[in-house]
Structure formats: C-alpha cells, structure tokens
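These are the residues of each chain, in order.
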Amino acid sequence: MSRLKMMDTPIFWVEGHPGTLDRESWKIEVVGLCENPGIFNWDDIMKMKKTIAEARLTSVTRFSVKGRWGGVKISDLLREVKPSDNARFCRFWSVKKIYDTSIPMETALQEKTLLAYEFDGELLEEDYGGPVRGFCPYLWGYKSAKSVVKIELMDHYISGFWEKRGYSDDALIIPGMVRDINNGGRLKMLSLEDCI
Ligand SMILES: Nc1nc2c(c(=O)[nH]1)N[C@H]1C(S)=C(S)[C@@H](COP(=O)(O)O)O[C@H]1N2
Ligand SMILES: [Mo]
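These numbers were taken from a predicted model, which means no experiment stands behind them.

Enquirer: What's the story with the pairing of strand E4 (residues 63-73) in this structure? I'm lost.
Expert: Each regular strand carries side chains that alternate between the two faces of the sheet. Where burial is concerned, most of E4 is hidden: 9 out of the 11 residues are buried. Two strands pair when backbone bridges link them, and strand E3 (residues 51-58) and E4 are joined in this way by 8 bridges, in the antiparallel orientation. Each residue of the ladder has a partner; that of Ala55, found in E4, is Gly67. Taken together, E3 and the strand that follows it, E4, pair antiparallel across an intervening segment of 4 residues, in which Arg62 is found at a positive phi of about 75 degrees. Bridge count between E4 and strand E11 (residues 176-180): 2 bridges; the pairing is parallel. By the bridge assignment for E11, Ser64 is matched with Asp180. Note that E4 and strand E7 (residues 114-119) share 5 bridges and pair antiparallel. Residue pairing for E7: Trp69 is matched across the bridge by Phe119.

Enquirer: Help me understand the site of ligand 1 in this model?
Expert: Taken together, 19 residues lie near ligand 1, and Pro10, Val14, Glu15, Arg133 and Lys146 sit nearest. A distance of 2.8 Å separates an oxygen atom of ligand 1 from a polar atom in the backbone of Val14. At a separation of 2.9 Å, a nitrogen atom of ligand 1 approaches a polar backbone atom of Ser144. Contact with the protein chains covers 99% of the free accessible surface of ligand 1, which is 530 Å². In terms of residue class, the shell around ligand 1 is built from 11 nonpolar, 5 polar and 3 charged.

Enquirer: Hey, could you run me through the nonpolar core in this one?
Expert: Among soluble globular proteins, nonpolar side chains are generally buried collectively. Counting 42 residues, the largest nonpolar core has Ile28, Ile151 and Leu153 as its most contacted members. Every element with two or more residues in this core is listed here: strand E1 (27-32), helix H2 (42-47), helix H3 (74-81), strand E5 (89-94), helix H4 (105-108), E7 and strand E10 (148-154). Setting aside its immediate chain neighbours within four residues, Ile151 contacts Ile28, Glu29, Val30, Val31, Leu77, Cys90, Arg91, Phe92 and Leu115. Among the nonpolar cores identified, the runner-up in size contains 15 residues, and Phe63, Trp69, Leu114 and Ile181 belong to it.

About the cut-offs
- Residues numbered from 1 in each chain as written.
- Chains lettered and ligands numbered in written order.
- Predicted model: local features only at pLDDT ≥ 70, side-chain atom pairs only at ≥ 80, totals over all residues.
- Heavy atoms only, no water.
- Buried < 20%, exposed > 50% of the residue type's maximum accessible area, 1.4 Å probe, protein only.
- Helix = DSSP H or I, 4+ residues; strand = E, 2+ residues; numbered from the N terminus.
- Pairing = 2+ DSSP bridges.
- Near = heavy atom within 4 Å.
- Polar contact = N/O pair within 3.5 Å; in protein donor to acceptor, adjacent residues only side chain to side chain.
- Areas by Shrake-Rupley, 256 points an atom, 1.4 Å probe, with all protein chains shown as cover.
- Nonpolar A, V, L, I, M, F, W, Y, C, P; charged D, E, K, R; others polar.
- Core = buried A, V, L, I, M, F, W, Y, C linked by side-chain atoms within 4.5 Å.
- Contact = heavy atoms within 4.5 Å.

Spelled out as structure tokens, the structure:
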C-alpha cells in the first residue's frame, strides 16, 4: 500500500474517479501562448530532470500532508515550450477535462511547483492523481490538478472548477488549524511557511 494511502490521505475526485489510467501511454499536451507547443509522454517526462520538493499539499477543507513530492519543475517543462511574453497564467486540465484550475505564471515558475509523479519515492497511483499531477504547495490544494492531460498558457485568468463554485481565485493559504495527515490527522497550527 502506498504511503499516502497508509496515512489515510483523503482522495478527492469531484468529477468522479477516473479508474485505471495507463502510465506508459500517458500524454500531456502543452499548448497556448508559446513558441514550441508540444506533447510530452511518460518517457519524455522520465527523461527530464527530476526535482524533489519537500512540501505540503494543504486543502482548504483543512487537511495537510507533507512528503517528498517528486517530478518535473513546471519551470523546466515550460523552458521546452518557450512561453510567449504575454503568457501570464498556466491552466491545468485533468483527465476527462471536467476539472481545471489556473495559477499565475510567477507561481508556476516557483521552485516547488511541479508536475509530480512521486510521493516519498513511490509512483503516484490514480487515487492521488497519478500518473502525473500538478503540485503547488504555495496555494490551497484545489490548485494542484490531478492526472493532468493538458496545460494551457494564457494571457488572461479563467476560474476553474472549484473557483467557479466559490473557492477563491488566488487560493492564498490562510494560517490556521489543519488535520495533519502525517500525524494521524491530529490538529496542527499551520502557516504558509510550514507548507513550503
Ligand atoms: N481532477 C481533480 N483534481 C483535484 C481535485 C479533484 O476533485 N479533481 N481536488 C483538488 C483538491 S480540492 C485537493 S485538496 C487536492 C487533493 O488531492 P488528493 O485527492 O490527492 O488528496 O486535489 C485537487 N485536485
Ligand atoms: Mo481541497
């Protein structure tokens, strides 16, 4: 059983669980405002530089899970597609293209914002957004789209699935009590600094 599951990390699939997803044939389209749009498959992602970010995924529903998230930095990925000067937002689409969420380019380019495929050295399973998910510890968890199939570079902002339903567009983490998944769900006071 994976670490995430062993710790009983909540599994959110508001659009419905996607079922079994095939890692080997996984493809992520990177399109929109860039010079070199492209499709990155699992092998392409495996060949790119791996970054491990020790950080927390923290939900506005007030759980937080810390670990070594492994993947490709969004900044490394974007270097390949050469974003245009007017690309200001990065929109992530999950499998089925029902769930989407967008983050500002500055946040996408930060050190710990990843296309993640690992947690504590284990490949992510479908429950937790495998094969490859967005991971952005700087913002509430709804900005970390699971099982990403498409990234769109845009010059304007569009509210995503949860943002349209009332969650804030900026998703700035507000300090407060959360259930600390690494510690059996016990309450813990958490600030943004603890998340990153
Ligand atoms: N496709 C998709 N991505 C999603 C969600 C979702 O329901 N569907 N939930 C978001 C929310 S609100 C959070 S807190 C995290 C939860 O990640 P987990 O299910 O791996 O714990 O995923 C985010 N990404
Ligand atoms: Mo969440």
